[in-house]
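Given next are the chains, with one letter for each unit.
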Amino acid sequence: MKVSNIKDIDKFFAVVDSCEGRVELVTGEGDRLNLKSKLSQYVSLANIFSGGEIPELEIVAYEKDDIDKLMNFMING
């Protein structure tokens, strides 16, 4: 799923951390990085921060409940 305009990065990471299954960031090269890893969060996202906001990401979640959590975050913030 594509997510965009993430303004509250801390809340986004809290939602990712609360997911039960694997949540991955898909890079421009097609690599998949485990977003539940703190190291991956900081290393992979450091390159795409723009003024404290994430403009757009492609993420993959495998569990339905996790997808619902992420969709709820995108809709309700």
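Quick notes on the rules
- Residues numbered from 1 in each chain as written.
- Predicted model: local features only at pLDDT ≥ 70, side-chain atom pairs only at ≥ 80, totals over all residues.
- Heavy atoms only, no water.
- Phe/Tyr/Trp six-rings, centres within 6.5 Å; stacked < 30°, edge-to-face > 60°.
- Buried < 20%, exposed > 50% of the residue type's maximum accessible area, 1.4 Å probe, protein only.
- Helix = DSSP H or I, 4+ residues; strand = E, 2+ residues; numbered from the N terminus.

Draft legend 1. Quick peek at the packing of aromatic side chains. Counted under the stated rule, the structure contains two aromatic pairs. Ring centres 5.9 Å apart and planes at 45 degrees place the aromatic pair Phe-12 and Phe-13 in the tilted group. Exposure class is identical for Phe-12 and Phe-13. Each is buried. Taking the centre distance of 5.9 Å and the plane angle of 45 degrees together, the rings of Phe-12 and Phe-73 count as tilted. Of this pair, Phe-12 sits in helix H1 (residues 9-18) while Phe-73 sits in helix H3 (residues 64-76), placing them 61 residues apart in sequence. For the pair formed by Phe-12 and Phe-73, the shared burial category is buried.

These results come straight from atomic positions and should not be treated as a statement about function.
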